[in-house]
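# Inside the fold
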Amino acid sequence: MTGPLALAAARIFDGDTWHDEAALMVAEGRVMALLPRGDVPPGAAVTDLGDALLVPGYVDLQVNGGGGVLFNDRPSVDGIRAICAAHVRFGTTALLATLITDRPETVTAALAAGRAARAAGVPGYLGLHLEGPHLSRARKGAHDPALIRPMTEDDLAELLAAAKDVGVLMVTVAPESVNLDQIRRLANAGILVSLGHTDCSHAAALACAEAGASQVTHLFNAMSPLGHREPGLVGAALDDGRLSAGLIADGHHVDPAAMRIALRAKAGPGRIFLVTDAMSGTGTDLDRFMLSGREVIRSGGRLAFADGTLAGADIDMHAAVGLVADRLGLPFEEALRMASAYPADAARLGARKGRLRAGSDADVLVLGPDRNLVATFIAGRRVYPAPEGEV
């Protein structure tokens, strides 16, 4: 880009407030300023988007696959590239490629793929989320119980070494399979420690938060329910402001009433944010695929094994935003924050991602007046629909 670009639109949401008849000034992949539409400086290349809405790109911290690719099956930079390309069609401009419980050699391959994807600057790649294998078999969900195991010193050393060069690194662990010193060492290295797939007590969850855990993986799912005498991890997630929590808002994993209750109950500064937990079918018409040697059937907006166990989610982030706005009755701008600003904050990237402010990455969605997704920009470059001549 030889000069600044101005994206002019009827309304621009910067992550906090709406700006009417405004222009977003972009240069070198970053937001320069947000100006009134009439104040664009001479010499800027203006793209007039008419009555469109501009909003921050979505940030998804739990993406297992997309475009026919499951990260566990293709833990490579090409696999990451295909997954990211599938999700930009639905507004996700930054994601954590997520590996569920697998063999040690697959974890090693995934970490190498993350290094390569970061070095290659794959559009949309933010980092990795290792969901397991250090979980509780009692709350395995769709994970292979034969591969769930406690964290060893070798596991810890591999994660600490990877933290320097894979981008954002999140690990989901259960207190039953790790100790507080391991959590502390992970957190001190800048790794996001998330609690999940666990039957841990409320006290154990708080001890993990004190040691540095800052997240909870897919709130309500694969954890003991909230009890009035033993609040468990759900209670800790809602009552402790140090913890942020991902939420799968597909209408199947969590009832809308439970979502509304959780949103009203959540203590800050931690927030509840949206994740898709998307699988390989996102962006395709696949009606079944394999996961850990078992067939997953896609039907009626659900992904499940033959026994009914949910196996990831069949929703994209733009659809999730629509669901929480329409079915939960949240203001549209709050639904947008749950998909952009809040996960960016949870990943400690609030200054770069999830908002359209001077200095932030120019990750922008163009929505029509009816809120349909029209285009996706990453670092000021349109990636969906692909520019003419590109695929």
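Anything mentioned here points back to the structure above.
The sections below set out a description of the structure shown in this document. None of the values given here were measured: they were computed from a predicted structure.

Moving on to the packing of aromatic side chains. Tallied over the full model, the rule gives 1 aromatic pair. Geometrically, the ring pair formed by Phe13 and Trp18 is tilted, given 5.0 Å between the ring centres and 40° between the ring planes. Here Phe13 matches Trp18 in class, with each residue buried. Over the ring of Phe305 we find Arg294, and its NZ or CZ is 3.8 Å from the ring centre.

Among the structural elements, Leu330 can be located in the loop between helix 8 (317-326) and helix 9 (332-339). The sequence separation of Leu330 and Leu263 amounts to 67 residues, and the corresponding C-alpha distance is 10.0 Å.

The subject of this paragraph is helix 8. Within helix 8, 7 of the 10 residues are buried, leaving the element largely enclosed by the surrounding structure. Of all the residues in helix 8, the buried ones are Met317, His318, Ala320, Val321, Leu323, Val324 and Ala325.

Once that is clear, we can look at the environment of Leu365. Mapped onto the elements of the fold, Leu365 is located in strand 20 (residues 364-367). Taking the C-alpha atoms as reference points, Leu365 and Val383, separated by 18 residues in sequence, lie 10 Å from one another. Those residues in contact with Leu365, other than ones at most four positions away along the chain, are Leu53, Leu54, Val55, Pro56, Gly57, Tyr58, Gly91, Thr93, Leu373, Ala375 and Thr376.

The subject of this paragraph is helix 2 (residues 104-120). Taking 1.5 Å as the rise per residue, helix 2 with 17 residues should run 24 Å; its terminal C-alpha atoms sit 24 Å apart, in good agreement. Three or more residues of helix 2 are buried, namely Thr106, Val107, Ala110, Leu111, Ala113, Gly114 and Ala117. Each buried residue of helix 2 sits inside an arc of 160° when the element is viewed along its axis, so together they form one side. Exposed residues pointing more than 90 degrees away from the buried face of helix 2 are listed as Glu105 and Ala119. Buried residues along helix 2 sit against helix 1 (77-88), strand 9 (92-100), strand 10 (125-131), helix 3 (153-162) and strand 11 (168-173). Immediately beyond the C-terminal end of helix 2, within one or two residues, lies Gly121, with a positive phi of roughly 65°.

Each pair of packed helices can be summarised by the angle the axes make with each other and by the distance between the axes. Relative orientation of the contacting elements helix 5 (residues 202-211) and helix 6 (residues 232-239) amounts to 45°, with a least axis distance of 7 Å. Overall, the two elements helix 5 and helix 6 adopt an arrangement that is oblique. Considering only the axes of helix 5 and helix 6, their crossing is right-handed. Facing His202, Ala205 and Leu206 of helix 5, the residues of helix 6 in contact are Gly232, Leu233, Gly235 and Ala236. Here the contact of helix 5 with helix 6 is built from residues that sort into 4 nonpolar, 3 polar and no charged.

The strands making up a sheet associate through hydrogen bonds between their backbones, and the pairing can be parallel or antiparallel. Ordered by their spatial adjacency, 4 strands build an open sheet running 16-17-18-19, and the pairing between neighbours is antiparallel. Both outer strands of the open sheet, strand 16 (288-291) and strand 19 (310-313), are each paired with one neighbouring strand and no more. In this sheet, neighbouring strand axes are inclined to one another by 30° on average, regardless of whether the strands run parallel or antiparallel. Pairing analysis gives 2 bridges linking strand 18 (residues 302-304) to strand 19, with the strands arranged antiparallel. Its bridge partner lying in strand 19, Ala304 is registered against Leu310.

Reading guide: rules and limits
- Residues numbered from 1 in each chain as written.
- Predicted model: local features only at pLDDT ≥ 70, side-chain atom pairs only at ≥ 80, totals over all residues.
- Heavy atoms only, no water.
- Phe/Tyr/Trp six-rings, centres within 6.5 Å; stacked < 30°, edge-to-face > 60°.
- Buried < 20%, exposed > 50% of the residue type's maximum accessible area, 1.4 Å probe, protein only.
- Lys NZ or Arg CZ within 6 Å of the ring centre and 35° of its normal.
- Helix = DSSP H or I, 4+ residues; strand = E, 2+ residues; numbered from the N terminus.
- Contact = heavy atoms within 4.5 Å.
- Expected span 1.5 Å × (residues − 1).
- Arc of directions from axis to C-beta.
- Axes fitted to C-alpha atoms, helices over the stretch in contact; angles between N-to-C directions.
- Parallel < 35°, antiparallel > 145°, perpendicular 65-115°, else oblique.
- Left-handed = near helix turned anticlockwise from the far one by under 90°.
- Nonpolar A, V, L, I, M, F, W, Y, C, P; charged D, E, K, R; others polar.
- Pairing = 2+ DSSP bridges.

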